[in-house]
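# A structural walkthrough
Single-letter residue listing:
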Amino acid sequence: MRFSRLFAPTLKESPAEAEVISHKLLLRAAMIRKVAAGIYTFLPLGNRTLKKIEKIVREEMDGVGAQEILMSALQPSDLWMKSGRWDQYGPEMMRLKDRHNRDFALGPTHEELVTDLAMKEARSYRQLPLTLYQIQVKFRDEIRPRFGLLRGREFIMKDAYSFNLDQDDLEKSYDTMFHAYNRIFSRCGLEFRAVDADTGLIGGNVSKEFMVLADAGEDTVVYCDTCDYAANLEVAKTRTVDAPAGETDDAGEHAVSDGDPCPECDGLLKSAKGIEVGQVFQLGVKYSEAMGATYIDENGDLKPYVMGCYGIGVSRLMAAAIEQHNDEGGIIWPMAIAPYHVEIVVLNYDRDEQRELADDLYNGLDERDIEVLLDDRVESAGKKFADADLIGIPVQVVIGARTLKSGNIEVKIRETGERRDVQLEQAVELIADVVIELTAG
RNA sequence: CGGGGUGUGGCUCAGUUUGGUUAGAGCACCGGUUUUGGGAACCGGGGGUCGGAGGUUCGAAUCCUCUCACCCCGACCA
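Now for a look at the structure at hand.

Basis of the calculations
Residues numbered from 1 in each chain as written. Chains lettered and ligands numbered in written order. Predicted model: local features only at pLDDT ≥ 70, side-chain atom pairs only at ≥ 80, totals over all residues. Heavy atoms only, no water. Helix = DSSP H or I, 4+ residues; strand = E, 2+ residues; numbered from the N terminus. Rg over C-alpha atoms; globule rule 2.2 N^0.38 Å. Buried < 20%, exposed > 50% of the residue type's maximum accessible area, 1.4 Å probe, protein only. Contact = heavy atoms within 4.5 Å. Areas by Shrake-Rupley, 256 points an atom, 1.4 Å probe, with all protein chains shown as cover. Lys, Arg positive; Asp, Glu negative; His and termini not counted. Charge placed at Lys NZ, Arg CZ, Asp CG, Glu CD. Salt bridge = Lys/Arg side-chain N within 4 Å of Asp/Glu carboxyl O. Axes fitted to C-alpha atoms, helices over the stretch in contact; angles between N-to-C directions. Parallel < 35°, antiparallel > 145°, perpendicular 65-115°, else oblique. Left-handed = near helix turned anticlockwise from the far one by under 90°. Nonpolar A, V, L, I, M, F, W, Y, C, P; charged D, E, K, R; others polar.

With that settled, consider the overall build of chain A. Helix and strand counts for chain A stand at 12 helices and 25 strands. Here the C-alpha radius of gyration of chain A, 25 Å, is about what a compact globule of 441 residues would show, namely 22 Å. Each of the three principal axes of chain A carries a C-alpha extent, and together these read 80 × 65 × 45 Å. For chain A, buried positions account for 54% of its 441 residues. A separation of at least 24 residues holds for 67% of the contacts in chain A among residues at least 6 apart in sequence. As displayed, chain A has an accessible area near 19,700 Å², and 48% of this comes from carbon and sulfur atoms. Here chain A contributes 52 positive and 77 negative side-chain charges, whose respective centroids are spaced 6 Å apart.

A separate point is the pattern of salt bridges. What the rule picks out here adds up to 34 salt bridges. The salt bridge partner of Arg414 is Asp327, with a shortest N-O separation of 2.7 Å. On the criterion of sequence distance, the pair formed by Arg414 in the loop between β24 (408–413) and β25 (419–423) and Asp327 in strand β19 (residues 326–327) is long-range, its members being 87 residues apart. According to the relative accessible area criterion, Arg414 is buried, its value standing at 4%. A salt bridge links Asp352 to Arg355, with the nearest nitrogen and oxygen atoms 2.8 Å apart. Taken as a pair, Asp352 and Arg355 lie in helix α9 (residues 352–367) at a separation of 3 residues, close to a single helical turn. With a relative accessible area of 46%, Asp352 lands in the partly exposed category. A single salt-bridge network, built from bridges that share partners, covers Lys55, Glu59, Glu60, Arg183 and Arg187.

Another aspect to go through is the packing of helix α2 (residues 44–63) against helix α8 (residues 314–324). The geometry of α2 relative to α8 is characterised by a closest axis approach of 10 Å and an angle of 110° between their N-to-C directions. As the angle between them shows, α2 and α8 are arranged roughly perpendicular. With respect to the hand of their crossing, α2 and α8 are arranged in right-handed fashion. Every residue of α8 that contacts α2 at Gly46, Thr49, Leu50, Ile53 and Glu54 is listed here: Val314, Ser315, Leu317 and Met318. A breakdown of the residues in the contact of α2 with α8 according to their chemical character gives 5 nonpolar, 3 polar and 1 charged.

Here is the structure:
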């Protein structure tokens, strides 16, 4: 892609509305634009990152046998009446009426729809376990949308649902999904923790949240400095001093704090802010019983599905990644979710030598399926460098008269700031290697 | 919803307290010249009616009333 043609109106200053770093940078780097409170348009760069995240999610979901579907965002009220959530959900659900005055909602989640689908189409135990997922827009009329993509009223979510034979079977699906989630967040380059969590309005018994550690987080994560114990503060436990490890106290809200003893070992608890990017639940029979969703087992008896559900805030993940990967200059995208792999900054594109060189390099990298953004704009060097840092493409290649004199171009790693001069003939090869290296983490 | 705050060209903001001629600046944008290794310089140009409605006044961005939007703190969530 040529920067001169790219629709990427970057901003020198942060719009006043943005408070947190990801929001500021998403706006400044021309990833998103606001439509209304908590509602955003994704511009080309932001959309590319979104699609990269979605691709990783799809690969991991498909990899564990989940099947992608796409359900309607617009949902009739009757299924929600059936589950009892039409009344429970409250004003957070965006509701509307059709021309016949029938009630609809813009889906905040899809348990009802997917359960209805399964009970009609997956009648036999032979079809189970069945895991379905989708990546789709969700609507929640949040009391207070804020922080850009971190809490929107319309957002992209991956939601998966497993229909299992029994609790044992559910636990297998849950476990599989849990590991897939770990891979997804690792591949996205995030530092995260899976923590014990409250099940909230979704319901169910067992649940883990995936928290990206970042100061902008709205949740507090409590974790042990010695063992694997980690929990959302809401459900965190501690151990009364002198009690042996393993004998826990159910702690009330805010009762657990830094330095309390770990409930599971002799370590001490610490706390940090976290952004919830995913959650997995063992729902059990909550929805299947409420909706009369049953399958026929091998004896011909009707049994309720034992269900699990698994969500990832895809657009939130994008913001969370920025919260973890930025500096004064702007975003530092992990390679796996960067809009482009390499940005070629050509300081004087109007000079034949530089233009030809840049075009060759561009084509050479393109042939190796490396995604390249070529800054061919007629702008000052300073502006191009600043934009490159802001947009945060992981590898920058600078073509300018200074290094060209000795037959070199410069390769700079966005994250570390490391630069090295590279001979022209070796450039494609070397840049390709750097991209692979950075992809591997 | 409670509390606090802000609405002035695309963005950042000044002007509002103490009403007074054609509403300003920087950035961005358009044309031109010279530039180009860290947000270039100069010349020329376009764009706002001051969130909206109503009111007070000879006169309103400025005062009053209502209203809408947005942001921050709290309760909810991917």
